[in-house]
Every structure is written in structure tokens, then in C-alpha cells.
Amino acid sequence: MITAEPQHRASFGRRLLGSFLSAVGGWLVATCILFVWVCFAARRQPIAITLFDAYALSIYTGVFIFGTWLLVLWPLYVFVPLQFPLWRWPFCTFCGATAGFVIMAVFLRRVPSLSDPSFPLIATAALAGGCTCLFGSLTATRFHYVRPA
């Protein structure tokens, strides 16, 4: 009979690292989506995207994602126990996508329609929030527990 190994709670630093990596994953998703949107939807060739444009996109998305991480995500990730229903990946992903949508809508002071030029920003925020929380929920056990040596 196979028995489960006892697990020990990971250090605060390891749990903080897990939450930070979740935010980095969402940041990369948002940056890539906006880069593709600028290249193709705005009818600009990838060669025409300057280094400044790439940095501006990454900084723009980083302000929102890492700001949200500093204010909300790391305390949730570090202190909410894994038995809480928030850690179920479908629910966590939905909450992240909703939070991304709401944060960007509040920042823009409106909920744009599909034809609004700012719609890609809201959609990107929702996708980045969903991906951040999906990554966090799927990898939470890896960063919350360590196997005994």
C-alpha cells in the first residue's frame, strides 16, 4: 500500500517566491499579448517596434500586475490555507480574470464595448489576471509545502 509522504509547511520566502512567479507569469502573458496586438492590429511590422515600445509595454503591464501583487496577491498566496476553496483552479482563474477586468475598467473609468479602442487593454488585463491565478493555483502545493529530507 502506498502512503502519502508527510509534508511540512514551506518557509515564508518560498511561499513569497511562488506568488511572485505567478505575477511574473501574468506579466509575461500581458506583455506578449500587447506586443502582438501592437504589431498586427495597429498594422505595424515587428521590425518597426522599437526597443522603447517593447520597454513601454512591459513597464505599462508591470505597473498594474506588480502593483496588484504588492497590494493583494502576495498576502492571499502566503496566508490563505490550501484547503480554502479559493485555491481550486477554475474558481481561482475566474477570480483573477474578473479582478483584472475590474482593475482595468476602474483605471479607464469605463467598461468599453468591443468596438472601443481600449478594449484590448481590458481583455489583456482579464487574461493576465486569469493566467496569474491559474499558475498560482496549479503550483501552490509546490511552494506551500516541502518534502522532508
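Look up a bit, the structure's there.
Just so you know, these numbers come straight off a predicted model, no measurement behind them.

Novice: Looking at this structure, I do not really get unusual backbone geometry. What am I missing?
Specialist: Glycine aside, the phi torsion of most residues is negative, and most peptide linkages are trans. The backbone of Arg-109 sits at a positive phi, close to 65°, despite the residue not being glycine. By secondary structure assignment, the location of Arg-109 is in the loop between α3 (89-108) and α4 (119-144). For Arg-109, a relative accessible area of 77% puts it in the exposed group.

Novice: How do you make sense of α3 when you look at a structure like this?
Specialist: Residues spaced three or four apart along an α-helix face the same direction, because each turn holds 3.6 residues. With 20 residues, α3 should reach 28 Å at 1.5 Å per residue; the first-to-last C-alpha distance of 28 Å fits that figure. By the burial criterion, the buried members of α3 are Cys-92, Thr-93, Gly-96, Gly-100, Met-104, Ala-105 and Leu-108. One or two residues past the end of α3 sits Arg-109, with phi positive at roughly 65°.

Novice: Would you mind going over the packing of α3 against α4 with me for this structure?
Specialist: When two helices pack together, their arrangement is given by the angle between their axes and by how far apart the axes lie. Relative orientation of the contacting elements α3 and α4 amounts to 150°, with a least axis distance of 7 Å. For the element pair α3 / α4, the angle class is roughly antiparallel. Judged by the twist between their axes, the crossing of α3 over α4 is right-handed. Across from Trp-89, Cys-92, Thr-93, Gly-96, Ala-97, Gly-100, Phe-101, Met-104, Ala-105 and Leu-108 in α3, the residues of α4 making contact are Leu-121, Ile-122, Ala-125, Ala-126, Gly-129, Gly-130, Cys-133, Leu-134, Ser-137 and Leu-138. Looking at the contact of α3 with α4 residue by residue, the classes come out as 14 nonpolar, 6 polar and no charged.

Novice: Sorry, what's going on with α4 here?
Specialist: Helix length check: α4 (26 residues) gives 36 Å between terminal C-alpha atoms against 38 Å at 1.5 Å per residue, within 8%. The largest bend in α4 comes to about 50°, at Leu-138.

About the cut-offs
Residues numbered from 1 in each chain as written. Predicted model: local features only at pLDDT ≥ 70, side-chain atom pairs only at ≥ 80, totals over all residues. Heavy atoms only, no water. Helix = DSSP H or I, 4+ residues; strand = E, 2+ residues; numbered from the N terminus. Buried < 20%, exposed > 50% of the residue type's maximum accessible area, 1.4 Å probe, protein only. Expected span 1.5 Å × (residues − 1). Axes fitted to C-alpha atoms, helices over the stretch in contact; angles between N-to-C directions. Parallel < 35°, antiparallel > 145°, perpendicular 65-115°, else oblique. Left-handed = near helix turned anticlockwise from the far one by under 90°. Contact = heavy atoms within 4.5 Å. Nonpolar A, V, L, I, M, F, W, Y, C, P; charged D, E, K, R; others polar. Bend = angle between axes of the 7 residues up to and from the residue.

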